Amino acid sequence: MEHKPTNDRPLFRVTFSRIEQDRDGNDIVTRPKEIGAIWPRKNGKQGGILSFAHIPVELAQRKGVIFVLPVDQADNGGSH
């Protein structure tokens, strides 16, 4: 099994938002929370390795959505 590199950045951040209902019964998506990342595979292999830091209970209940957001590889960690 491959492990995430210690000095590399992930390719993507993985966030989760719960789906709740507003006063009128319409579905709304809550503020996203980071739950993991997708890391590059070694030796130039295609694809990535999904690593979860947390798995929301609502995910199994189909009461939320996952967002995959690219990480700016040129960002050196400074402020935006």
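Thresholds applied
Sequence order as written defines the numbering, with residues in each chain counted from 1. Under the rules for a predicted model, residues below a pLDDT of 70 receive no local features and side-chain atom pairs below 80 are neither given nor counted, while totals for whole chains, interfaces and linings still include all residues. Just so you know, side-chain values use all the structure's heavy atoms and leave hydrogens and water out. Using a 1 Å grid laid over the protein atoms alone, points where a 1.4 Å probe fits but cannot get out form a cavity; open sets with protein on both sides within 12 Å along at least 5 of 7 lines form a pocket; any residue with an atom within 4 Å of a point counts as lining. Grid points are joined across faces, edges and corners, and a volume is the space filled by probe spheres set on the points. The helix count covers DSSP runs of H or I at least four residues long, the strand count covers runs of E at least two residues long, and both are numbered beginning at the N terminus. Classification used: nonpolar for Ala, Val, Leu, Ile, Met, Phe, Trp, Tyr, Cys and Pro, charged for Asp, Glu, Lys and Arg, polar for all others including Gly. Exposed residues in this analysis have more than 50% of their type's maximum accessible area, buried residues have under 20%, and partly exposed residues fall in between, with area computed by a 1.4 Å probe over protein chains only. By definition, residues are in contact when any of their heavy atoms lie within 4.5 Å. Throughout this description, a polar contact denotes any pair of N or O atoms lying within 3.5 Å of each other; where both atoms belong to protein, one of them has to be capable of donating a hydrogen while the other can accept it, and for residues adjacent in sequence the pair is counted only when both atoms sit in side chains.

Caption draft 1: Here's a closer look at the layout of surface pockets. Of the voids in this model, the largest pocket is the one considered here, and its volume is about 160 Å³. Every residue along the wall of the largest pocket is listed here: Phe16, Ser17, Arg18, Thr30, Arg31, Lys33, Glu34, Ile35, His54, Pro56, Val57 and Glu58. Only strand S1 (12-21), strand S3 (33-40) and helix H1 (57-60) provide two or more residues apiece to the lining of the largest pocket. For the lining of the largest pocket, the residue count by class is 4 nonpolar, 3 polar and 5 charged.

Caption draft 2: Layout of the environment of Ser17. Mapped onto the elements, Ser17 comes out in strand S1. Ser17 gets classed as buried once you look at its relative accessible area, which sits at 1%. On a C-alpha basis, the gap between Ser17 and Leu59 in space is 9.2 Å, while along the polypeptide they are 42 residues apart. Residues contacting Ser17, with those up to four places away along its chain left out, are Val29, Thr30, Arg31, Pro32, Lys63, Gly64, Val65 and Phe67. Of the polar contacts made by the side chain of Ser17, one reaches the backbone oxygen of Thr30; its length is 3.0 Å.

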